[in-house]
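So the chains spell out like this:
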Amino acid sequence: MSGAAGCQGGGGGGDDDRGPRWRRPWKLLALGLLSASSVLAAAPGAGAMSKEEKRQLGNQVLEMFDHAYSNYMEHAYPADELMPLTCRGRVRGQEPSRGDVDDALGKFSLTLIDTLDTLVVLNKTKEFEEAVKKVIKDVNLDNDIVVSVFETNIRVLGGLLGGHSVAIMLKEKGEYMQWYNDELLHMAKELGYKLLPAFNTTSGLPYPRVNLKFGIRHPEARTGTETDTCTACAGTLILEFAALSRFTGTSVFEEYARKALDFIWEKRQRSSNLVGVTINIHTGDWVRKDSGVGAGIDSYYEYLLKAYVLLGDDSFLERFNTHYNAIMRYISQPPLLLDVHIHKPMLNARTWMDSLLAFFPGLQVLKGDIRPAIETHEMLYQVIKKHNFLPEAFTTDFRVHWAQHPLRPEFAESTYFLYKATGDPYYLEVGKTLIENLNKYARVPCGFAAMKDVRTGSHEDRMDSFFLAEMFKYLYLLFADKEDMIFDIEDYIFTTEAHLLPLWLSTTNQTIAKKNTTTEYTELDDSNFDWTCPNTQILFPNDPMFAQSIREPLKNVVDKSCPRGISRAEESLGSGPKPPLRARDFMASNPEHLEILKKMGVSLIHLKDGRVQLVQHAVQAASSLDAEDGLRFMQEMIELSSQQQKEQQLPPRAVQIVSHPFFGRVVLTAGPAQFGMDLSKHKAGTRGFVATIKPYNGCSEITNPEAVKEKIALMQRGHCMFAEKARNIQKAGAIGGIVIDDNEGSSSDTAPLFQMAGDGKNTDDITIPMLFLFNKEGNIILDAIREYEAVEVLLSDKAKDRDLEMENMDQKLPENDSHRQNSEEATSAFQDVGEVSEEPEEERSDVADPDSLAPVNADSDSISISNQDSYVPEPDEASAPEPTCTQGDNQPQVQKTETESNSKVNWDNKVQPMESILADWNEDIEAFEMMEKDEL
């Protein structure tokens, strides 16, 4: 959505002309928001960013986009996505499956299609024209492949429609695209028909997946057996499908999308007016009954409001307002947004938030409700300042819950819209921080790599198409002035994938009779509904520093306080008594506690093995409030039990390649060891050149100690215990060790984190650090040795800043004696790796000492929990820790602890040569040098 388009209302005029006449009504409606921007922009003492600095930051965004886009086109196209660590394309079926994430890939050059209108927004019209020709010539939509209906709609159909929208705009201007004859629109229509079979259900809700070639029910379709879909998956179709109908005059697409929205609306929980996360596409029953504004629901709310903006149908606005009132009543606990149960909205469903909710402040700007937008955005920004990126999920006390960050654009989106609404230069500084963090922590020679773990700074070999489609679009618009654009962005609305749809579609091919299908609206006392077109008197009542006054109390919310949202049950009690018993205080031997449990409907059973089992029967509680207290107690007990298990685990570590040409830009996720140096207590880490040992399995005395001394030893998994390998390389003089998995194709992208256990004996004699790399990550280091011979790495608990000193020294001394010496040693050591594959398989010993297993999976809990009558949290919810005040991040990922297993040696020359991977990195290094001079 664009800032001014966010203020649109109604259907506009009845004129189907694309000339100035249709533009005027929209411009007038946008006046409120634009005037708000003007007030703060002109405010004295606001610390406005200079025009020159804005221009420089805009140019940085352009350079970053060029880096990502050119590497995709050079190393990945026509594949769907770029793998930036290995500099190659991701082709579905040729890489290890990542589960549902891969459903976005359809062998249709996803990233290129998703990027089309971004090229025009960034004034790259020549590149756009070339890209459109490539899409028309190369892309095939008739592939025998099962794809996500939701992802294909927002990324591919939306990308084709956005590309068509800007193509006809450029053609009208008369300079570019004069040859264009609606080819992208024809492809969009073809794709639309391929998605329609998914809607063949009694409810009208689409199947979550469809085969592009065979549809749903064909014997070769390999899909059509699913029963559930997420609310956002079924409710995020109306913009693209309606636009396709309006562009082509074929009404069937808009009809199907409207039917799906109507069904979701009718199935909302009537007393709370909330919707659940997952719904049965045949019966309409809610499968997951928790409700929030993040993953699984987010864009459903977004499309209700934007459908009103684009199509002018009042029923969409009425539905959105009804939902929004419920969100602000139950889910919003400023600055937090916490999921609740749709049937018991006073009860929180979980104690953590996911990163997708970062879009919501931007939607609130479109709504005109500015105060909570500022509050939530500021909270998210404080989390980013602590972790450099927004973790996929974080707890209510701002600890990491899920540590990944796939370079999501939602926070940048909300930053842009808040700046549009307020004109506050503070949001320009926020955007500057985002640019700096992307360049400092995510940039790699072949693009930008997603963060595997924001705590360690390790990378994941992925660069999703939405990074190019959305991130650079919002960042560029944040710093661009109107004269920097070749068209008026206010004439368009953004889809959830930031694709551009023209507002004149509201008056074109209105084949659908406008009928208010919304019934039984709740009478709402909400003055916010008058704010759909915001104005300065409401947003900033005679105070240009209004936004700052809202942000100020939240400045230290992450680091210096531990806010806990008041539970809805507590809130309903006002200043009355608090919940009578918390899980952390419970003692099974306390008679008073047992009496309280009985009142809450919780019974206690002593098991034969000495454990105690808790069972709740809500109907046996003394009152409904006591039943809710019991439900909360059970949930807390599950979380407490899960947290006690996790306390025995170690967090992931990082292996950072710091030598030429990497200079710290490539960070690999490494599994820790339960013995040896604790890298979390040695912040500097261990740095050294790597050397491959003989024998490569490290299970006997090292025969090349001269090559290993004062270096970090590389060895293969198998044959003996990890601790034995560590003792052998330590005796040879190594300063650290990296064990590389021998299972071909294993990767941290698809496998749980691996934790190396001891041998059941005292391991205090091992003083060097030991880390574990899966096969894919280990091959990156081995490939680097093949290409550059001398490879230096840093073993640490968290990735350090890029090695600028070494980078500069490398330019002055491209080849010195120590490097030559290390290169010779590394080469001689690496040449013997192939000998391992000649060892007979039967020589490998199968060592499995039960005592060496770490107690991660041990059942050490004294209490088991069963809830027979009420809500049982999902597995991921049950793992959420009880909020506690903490200044650090002690929340580890779920890990897998194993001893050495009898794995098959498969060490050959299948490794992709680095020559093909790093062919163009010298040019990138020159670009990096220019960036460093600009203090990126």
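Here we look at the environment of Trp402
So, point 1. If you trace the backbone, Trp402 turns up in strand β14 (residues 400-402).
So, point 2. Spatially, the C-alpha atom of Trp402 lies 9.2 Å from that of Val454, the residues being 52 residues apart in sequence.

Topic: the state of the cysteines
So, point 1. The final tally for this structure, using the stated rule, is 3 disulfides.
So, point 2. Between the sulfur atoms of Cys87 and its disulfide mate Cys446 the distance is 1.9 Å. Of note, the bridge from Cys87 to Cys446 carries an S-S torsion of about 100° and is right-handed in sense. On the criterion of sequence distance, the pair formed by Cys87 in the loop between β1 (81-83) and β2 (88-90) and Cys446 in the loop between β15 (443-444) and β16 (447-448) is long-range, its members being 359 residues apart. The exposure classification of Cys87 matches that of Cys446, with both residues buried.
So, point 3. Linked covalently through their sulfurs, Cys230 and Cys233 form a disulfide whose S-S length is 2.0 Å.

Looking at the packing of aromatic side chains
So, point 1. Here the structure, examined in full by the defined rule, presents 31 aromatic pairs.
So, point 2. Aromatic side chains Phe65 and Tyr69 sit 5.4 Å apart centroid to centroid with 10° between the ring planes, which places their arrangement in the stacked category. Here the residue Phe65 and the residue Tyr69 both occupy positions in helix α3 (residues 51-76), the gap between them amounting to 4 residues, near one helical turn. In this pair, the class of Phe65 matches that of Tyr69, namely buried.
So, point 3. Aromatic side chains Phe417 and Tyr474 sit 6.0 Å apart centroid to centroid with 65° between the ring planes, which places their arrangement in the edge-to-face category. With Phe417 in helix α15 (residues 410-422) and Tyr474 in helix α17 (residues 465-479), the pair connects residues that are 57 residues apart, well separated along the chain.
So, point 4. Given a relative accessible area of 2%, Phe417 falls into the buried group.
So, point 5. The class of Tyr474 is buried, set by a relative accessible area of 0%.
So, point 6. Members of the aromatic cluster, each reached through a chain of ring pairs, are Phe65, Tyr69, Phe448, Phe467 and Phe472.
So, point 7. Above the ring of Trp265, the side-chain terminus of Arg268 is found at 3.8 Å from the ring centroid.
So, point 8. One Lys or Arg, Arg350, reaches over the ring of Trp352 and ends 3.8 Å from the middle of that ring.

Focus: the side chain of Asp488
So, point 1. Mapped onto the secondary structure, Asp488 falls in the loop between α17 and β19 (492-494).
So, point 2. One polar contact links the side chain of Asp488 to the main-chain amide nitrogen of Glu490, over a distance of 3.0 Å.

Reading the values: the criteria
Residues numbered from 1 in each chain as written. Predicted model: local features only at pLDDT ≥ 70, side-chain atom pairs only at ≥ 80, totals over all residues. Heavy atoms only, no water. Helix = DSSP H or I, 4+ residues; strand = E, 2+ residues; numbered from the N terminus. Disulfide = S-S within 2.5 Å. Buried < 20%, exposed > 50% of the residue type's maximum accessible area, 1.4 Å probe, protein only. Phe/Tyr/Trp six-rings, centres within 6.5 Å; stacked < 30°, edge-to-face > 60°. Lys NZ or Arg CZ within 6 Å of the ring centre and 35° of its normal. Polar contact = N/O pair within 3.5 Å; in protein donor to acceptor, adjacent residues only side chain to side chain.

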